[in-house]
Amino acid sequence: MKMFFYNDGILDINSALIFGVSAKETNNPIGRFGTGLKYAISIILRLGGSISINSGGERYTFGVKAINARGKEFYVVTMNGDDLGFTTHLGSHWEPWQAYRELYCNALDEGGGVTEEFPSSADTVISVECDSISRAHLNRDKYFIDSAPIYSDGVIEIHEGGRPFHYYRGVAVYPAKRSVFSYNVLSDVDLSEDRMAVYPYADILIKARNSIRMCSNSAVIERFVLSAHDDDKFNDISADVSKTFIETCNRLLSIYRKYFI
């Protein structure tokens, strides 16, 4: 299956392929490191896929060229036959879905998206054909969350659970062990260069638990308290809690007390 990541605006290909340059036109972009496109190109080529970019009437096709360095074989990434400054070893620790996430986030940052039909009206189109990336595309609801939250305090959104990740601004940044809820953090989260949470306990789980402690939704509190899942526990009983939280716990205690006497 072929996928097309698209957006309006002409891509400055030279800037896009320089490490550390991130010049998104949108305010508060998801991408910030200036590395995502390079990583995605490297990973797709390493997986045996193909990738090309059409922008401003120009076409840029990426490939590989074998080289030998200190007795080891590497594959330099090429663009229209010219060597670029990185190999397919770049991002060797990344999973294929992370490459998909990079391309999709870049498109979203520029007001675009992804489609399975060539978007002829878009200024910039990145065409990708790669089985592993196609599987990530088919499972994109795991890596991006766009459902309506069941509760939000402006710092974090609480969504129905069952997802394999927790999220930052709608994008997967930390694996979920087991949770009755999925959490989408709206406030700042420190990210590593592979766009995963550096401090998941402080930036995600503590914020989530604080949100539930002060929650005004009794149904959310009840589901949290009764959950036996790993990500839905807290031990700090000294923290402040809302009146609704206390009332909900007292009600549950009156119902289940007989099972513990």
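Above this note sits the structure.
Here's a quick rundown of the structure.

Rules used in this analysis
- Residues numbered from 1 in each chain as written.
- Predicted model: local features only at pLDDT ≥ 70, side-chain atom pairs only at ≥ 80, totals over all residues.
- Heavy atoms only, no water.
- Helix = DSSP H or I, 4+ residues; strand = E, 2+ residues; numbered from the N terminus.
- Polar contact = N/O pair within 3.5 Å; in protein donor to acceptor, adjacent residues only side chain to side chain.
- Contact = heavy atoms within 4.5 Å.
- Buried < 20%, exposed > 50% of the residue type's maximum accessible area, 1.4 Å probe, protein only.
- Pairing = 2+ DSSP bridges.

Quick look at the side chain of Thr 124
So, step 1. Among the structural elements, Thr 124 can be located in strand β7 (residues 124–129).
So, step 2. A polar atom in the side chain of Thr 124 sits 3.4 Å from the backbone nitrogen of Leu 11.
So, step 3. Not counting residues within four places of it along the chain, the set of residues in contact with Thr 124 comprises Phe 5, Tyr 6, Asn 7, Gly 9, Ile 10, Leu 11, Ile 53, Asn 54 and Ser 55.

Details of the pairing of strand β9 (residues 156–160)
So, step 1. With respect to burial, β9 is a largely interior element, four of its five residues being buried.
So, step 2. Where strand β8 (residues 151–152) and β9 come together, two bridges link them in antiparallel fashion. For Tyr 151, the partnering residue across the bridge sits in β9 and is Ile 158.
So, step 3. Counting the residues in the hairpin turn of β8 and β9 gives three residues, including Gly 154, whose phi is positive at 90 degrees.
So, step 4. In the sheet, β9 pairs with strand β12 (residues 181–185) via five bridges, with the strands oriented antiparallel. Across the sheet, residue Ile 156 finds its bridge partner in β12, namely Val 185.

Thoughts on unusual backbone geometry
So, step 1. A positive phi angle, near 50 degrees, is found at Asn 80, a position not held by glycine.
So, step 2. Among the secondary structure elements, Asn 80 is positioned in the loop between β4 (72–79) and β5 (82–87).
So, step 3. Judged by relative accessible area, which is 44%, Asn 80 ranks as partly exposed.
So, step 4. Here Arg 169, not a glycine, exhibits a phi torsion of approximately 50 degrees, which is positive.
So, step 5. In this fold, Arg 169 is placed in the loop between β10 (165–168) and β11 (171–175).

Focus: the environment of Ser 152
So, step 1. Assignment of secondary structure puts Ser 152 in strand β8.
So, step 2. With relative accessibility at 36%, the residue Ser 152 sits in the partly exposed group.
So, step 3. Residues Ser 152 and Ser 211, spaced 59 residues apart in sequence, show a C-alpha to C-alpha distance of 8.0 Å.
So, step 4. In contact with Ser 152, not counting residues within four places along its chain, are Glu 157 and Leu 186.
So, step 5. A distance of 3.3 Å separates a polar side-chain atom of Ser 152 from the backbone nitrogen of Gly 154.

Just distances and angles here, no functional claims.
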